[in-house]
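Residue-level structure breakdown
If you want the building blocks of each chain, they are given just below.
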Amino acid sequence: MIDMNCDLGEGFGRFSVGDDKAIMAFVTSVNIACGFHAGDPVVMRKTVDLAAEAGVSVGAHPGYPDLQGFGRRAMNMDPEEVYAMVQYQIGSLTAFTTAKGIRLNHVKPHGALYNTAAQNPLIASAIADAVHSLDPDLILYGLSGSELTKAGENAGLKVYHEVFADRSYEEDGTLSPRHLSGALLTGDEALDQVRQIIQSGHVHTRLGAYLPLKADTLCVHGDHPSAIRLAEKVREILHTLSPYSNKDRRDSYENHSDSDH
């Protein structure tokens, strides 16, 4: 039973990204930007409200303080700075989930912070420790088989190994940098990758190598050119190939919201 997540709430001010309300009809969890790489207090509150109404699990999506670069530029921050930065962003989103009467379910770092944590054990541990310090019951989403998932497990957190529908992989298990040809998957390419992960537990990398992957949650990006259509098709695949539909999983989250987030 694979969770399907999407990064949302990534507009700010008069600038909007994607159709958050529409895509929530197809996912089981959402990762909401916390104001550093995207989002602002009004966008955060409205996105939490939409998620609560849709019955999807809500997660914090902390990133580097980089609005201009959408959090996709690496920053040279030491572990203490990352620890405090992640605490701050989780805390800000938790204010809105508390006000709405729902509990925060998980944390998934964004962009360059996510990619750095996938390879840097010190940054990964700083993130995992920050999450644990606020709520040891939070789930940490991280790149499948990465330093971040290892750090989460070492910190005593429940970890979801994340895979991607719309991104290709390198031989070392990292996501292909976006500037490379073939890094972003669309249409049948993305759907074929989803089927391959679910049915065989592996993907073929951008250069054709065989890469085994553990998959607890699957991401479809909200800023993908055809995000709604892709999410709908991915949901159909999960419904067909998984033992439970997304609605079954969503109902399970709602029925156990007080104990199992």
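Residues numbered from 1 in each chain as written. Predicted model: local features only at pLDDT ≥ 70, side-chain atom pairs only at ≥ 80, totals over all residues. Heavy atoms only, no water.

1. So, the environment of asparagine 31
Mapped onto the fold, asparagine 31 is located in strand β2 (residues 29–33). Given a relative accessible area of 0%, asparagine 31 falls into the buried group. Once the C-alpha coordinates of asparagine 31 and cysteine 219 are considered, the two residues, 188 residues apart in sequence, prove to be 9.9 Å apart. For asparagine 31, the residues in contact, after removing those within four places along its chain, are Asn5, Cys6, Asp7, Leu8, Gly59, His61, His106, Lys108 and Tyr141. A polar contact is formed between the side chain of asparagine 31 and the side chain of asparagine 5, at a distance of 2.8 Å. One polar contact links asparagine 31 to aspartate 7, side chain to side chain, over a distance of 2.7 Å. (Helix = DSSP H or I, 4+ residues; strand = E, 2+ residues; numbered from the N terminus. Buried < 20%, exposed > 50% of the residue type's maximum accessible area, 1.4 Å probe, protein only. Contact = heavy atoms within 4.5 Å. Polar contact = N/O pair within 3.5 Å; in protein donor to acceptor, adjacent residues only side chain to side chain.)

2. Brief notes about the environment of tyrosine 210
Relative to the assigned elements, tyrosine 210 resides in strand β8 (residues 210–212). Using a relative accessible area of 55% as the deciding quantity, one classes tyrosine 210 as exposed. Along the sequence, tyrosine 210 and isoleucine 32 sit 178 residues apart, while their C-alpha atoms lie 32 Å from each other.

3. Overview of helix α7 (residues 187–200)
Structurally, the α-helix is built with 3.6 residues per turn, so residues lying three or four positions apart point the same way. With 14 residues, α7 extends 20 Å from end C-alpha to end C-alpha; this agrees with the ideal 20 Å at 1.5 Å per step. Residues of α7 that are buried: Ala190, Leu191, Gln193, Val194, Gln196, Ile197 and Ile198. Buried positions along α7 lie against β6 (158–164), β7 (202–204), β9 (217–219) and α8 (227–241). (Expected span 1.5 Å × (residues − 1).)

4. Things to note about the environment of serine 181
With respect to the helices and strands, the residue serine 181 is situated in the loop between β6 and α7. The sequence separation of serine 181 and asparagine 115 amounts to 66 residues, and the corresponding C-alpha distance is 19 Å.

5. Focus: the nonpolar core
Ranked by internal contacts, the top residues of the largest apolar core, which has 68 residues, are Val30, Leu93, Ile127, Tyr169 and Val234. Among the elements that make up this core, the one with the highest residue count is helix α5 (residues 121–134) (seven residues). Other than its neighbours up to four places away in sequence, valine 234 contacts Met4, Ala165, Leu191, Val194, Leu218 and Val220. (Core = buried A, V, L, I, M, F, W, Y, C linked by side-chain atoms within 4.5 Å.)

6. Quick notes on the pairing of strand β5 (residues 139–143)
Successive residues of a regular strand alternate their side chains across the two faces of the sheet. Summarising burial for β5: five of the five residues are buried, a large majority. Pairing of strand β4 (residues 106–107) with β5, which is carried by two bridges, proceeds in the parallel orientation. Note on β5: the bridge partner recorded for valine 107 is leucine 140. Looking at chain direction, β5 and β6 are connected through five bridges and run parallel. Paired with tyrosine 141 across the strands is tyrosine 160, a residue of β6. Note that the unit made of β5, helix α6 (residues 147–154) and β6 has a crossover that is right-handed. (Pairing = 2+ DSSP bridges. Right-handed = clockwise from strand over helix to strand, strands pointing away.)

7. Notes on α6
When α6 is considered as a whole, its buried residues turn out to be Leu148, Thr149, Ala151 and Gly152. Down the axis of α6, the buried side of the element spans an arc of 160°, and every buried residue falls inside it. Residues of α6 that are buried sit in contact with α4 (111–119), α5, β5 and β6. Its side-chain oxygen placed 3.3 Å from the backbone nitrogen of leucine 148, serine 146 serves as the N-cap of α6. (Arc of directions from axis to C-beta.)

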